[in-house]
Every structure is written in structure tokens, then in C-alpha cells.
Amino acid sequence: MQAAIGCAQLEKLPGFIEARKRNWRTLRDGLADLSDSLVLPEATPNSDPSWFGFLLTLKEGARCTREEIVKHLEEKGIQTRTLFAGNLIKHPCFDEMRASGEGYRVVGELKNTDRIMEKTFWIGVYPGMAPGMIEQMIDTIRGYLQR
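In this text the structure is predicted, and so the values were computed from the model without any measurement.

**Student:** Please clarify how the packing of aromatic side chains should be interpreted in this entry.
**Tutor:** Aromatic ring pairs are reported here in terms of the distance separating the ring centres and the angle at which the planes meet. Summed over the entire model, instances satisfying the criterion amount to 4 aromatic pairs. On the numbers, 5.6 Å between centres and 55 degrees between planes, the contact of Trp24 with Phe54 is tilted. Here Trp24, found in helix H1 (residues 2-31), pairs with Phe54, found in strand S2 (residues 53-58); they are 30 residues apart in sequence, far enough to count as distant. Taking relative accessible area as the criterion, Trp24 reaches 3% and is therefore assigned buried. Judged by centre distance (5.6 Å) and plane angle (90 degrees), the ring pair of Phe94 and Tyr104 falls under edge-to-face. Placement of the pair is Phe94 in the loop between strand S3 (80-82) and helix H3 (95-100) and Tyr104 in the loop between H3 and helix H4 (111-119), with a sequence separation of 10 residues. Looking at Tyr104, the relative accessible area reads 27%, which means it is partly exposed. An aromatic cluster is present here, built from Trp24, Trp51 and Phe54 joined pairwise through their rings.

The following block contains the structure:
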């Protein structure tokens, strides 16, 4: 039964991929002029990704913290997710190693990994979102960053 459902879903895959790409492109175009506040995602050259989500990173000097904008978006019904990345040695799984100072090594200051950990989050590009939903996301982000 599960295989039959999986096969039926695979038939829908091209449409799902196109919808994700369309939603991603609408977000990218709609937020392009906020490059003073946001680092916007770009596809790697010669790639054609089926986007998982839309990754946003607040730039230094942005008018808010990640926690503030995420709280605002969530209050407006826009789901977000933090990026599980950044400075992994600050994650709880490294608590014992940090305490002992053994089991890993650090090269450099890890400024970029700290920045990602503190300033980056995802918003969705789910294929079932209607154009009006994407526009609401753009308007909500734009309104909060330009207040």
C-alpha cells in the first residue's frame, strides 16, 4: 500500500518541483531590494535546485534580531525554522567536549559560523502555497524590516 501511494506521489513530483521553484523565485524577486538588511540565497552556478525552503540571513546593521523577526512572522501565521548549522561546537552535543577541551579542534575565530547560527532562518516554499500567501510573506517581511 505504501509503495502504491509513493508511486502515485512520484507522478506529482514535476509539478511539486516547479511550484517550489516558482515560490522561491517569487520570494527572491519580492525581497531583492532588501539587500541592505538581508543576505538572500542564490543558486550555485550551473545548478537547477528544487528548493527545500528560502534561507534568510540578517546582515549586520539590520533593524532587528533573528528572534524578533521570527517572532513577528510566527505571530502573523508564517512558519519559520532555524538552520541547524552554524557553529556546531556550540551545540549541546559538544557540551562535554567543550568542558574537557578535548575531542575537537578549532581553526580560526569561526565568525561566519557564529553569524549563521545567530542570524539565519528558513521560510517555506511549500508547493501548496497560493500566490497570495507568498505575497503576504513578502509584505510581512518587508513591513517589519522597513518599519
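More follows now that the structure is in view.
**Student:** What's the story with helix H5 (residues 131-145) in this structure? I'm lost.
**Tutor:** Every α-helix carries 3.6 residues per turn, so stepping three or four residues along brings you back to the same face. Over its 15 residues, H5 extends 21 Å from the first C-alpha to the last, a length consistent with the 21 Å expected when each residue adds 1.5 Å. When H5 is considered as a whole, its buried residues turn out to be Ile134, Met137, Ile138, Thr140, Ile141, Arg142, Tyr144 and Leu145. Considering only its buried residues, H5 is in contact with H1, strand S1 (38-39), S2, helix H2 (66-75) and strand S4 (120-124).

**Student:** Please clarify how the side chain of Thr120 should be interpreted in this entry.
**Tutor:** Tracing the chain through its elements places Thr120 in strand S4. Given the relative accessible area of 1%, Thr120 is considered buried. Those residues in contact with Thr120 that lie beyond four places of it in its chain are Leu55, Leu56, Thr57, Arg66, Thr82, Leu83 and Arg115.

**Student:** Is there a simple way to think about the nonpolar core in this case?
**Tutor:** Soluble globular proteins tend to bury their nonpolar side chains together. Core analysis: the largest hydrophobic core is formed by 26 residues, its most contacted members being Phe54, Leu56, Ile69, Ile123 and Ile141. Examining the composition of this core, we find that 6 residues originate from one element, H5, more than from any other.

**Student:** Before we go on, may I ask you to explain unusual backbone geometry in this structure?
**Tutor:** Excluding glycine, most residues fall at negative phi; most peptide bonds, likewise, are trans. At Asn46, a residue that is not glycine, the phi angle is positive and equals roughly 65 degrees. Among the secondary structure elements, Asn46 is positioned in the loop between S1 and S2. The phi torsion at Leu110 lies on the positive side, around 60 degrees, for a residue other than glycine. Here Leu110 lies in the loop between H3 and H4. For Leu110, a relative accessible area of 25% puts it in the partly exposed group.

The rules we used
- Every chain begins its residue count from 1, and numbering advances along the sequence as written.
- Side-chain atom pairs in this predicted model are given and counted only at pLDDT of 80 or more, local residue features only at pLDDT of at least 70, and totals for whole chains, interfaces and linings cover all residues.
- Water and hydrogen atoms play no part in the side-chain values, which are based on all heavy atoms of the structure.
- Ring geometry is summarised as follows: Phe, Tyr and Trp rings, the Trp one being its six-membered ring, pair when their centres sit within 6.5 Å, and such pairs are stacked at plane angles under 30 degrees, edge-to-face over 60 and tilted between the two.
- Each helix corresponds to a stretch of at least 4 residues labelled H or I by DSSP, and each strand to a stretch of at least 2 residues labelled E; elements are numbered beginning at the N terminus.
- Three exposure classes are used, based on accessible area relative to the maximum for each residue type with a 1.4 Å probe and protein chains only: buried under 20%, partly exposed in between, and exposed over 50%.
- How far a helix is expected to stretch is found by multiplying one less than its residue total by 1.5 Å.
- For this analysis, residues touch if any pair of their heavy atoms sits within 4.5 Å.
- To define a nonpolar core, start from buried Ala, Val, Leu, Ile, Met, Phe, Trp, Tyr and Cys residues and group those joined through side-chain atoms within 4.5 Å.

From the geometry alone we can't say anything about function, so treat these as descriptive.
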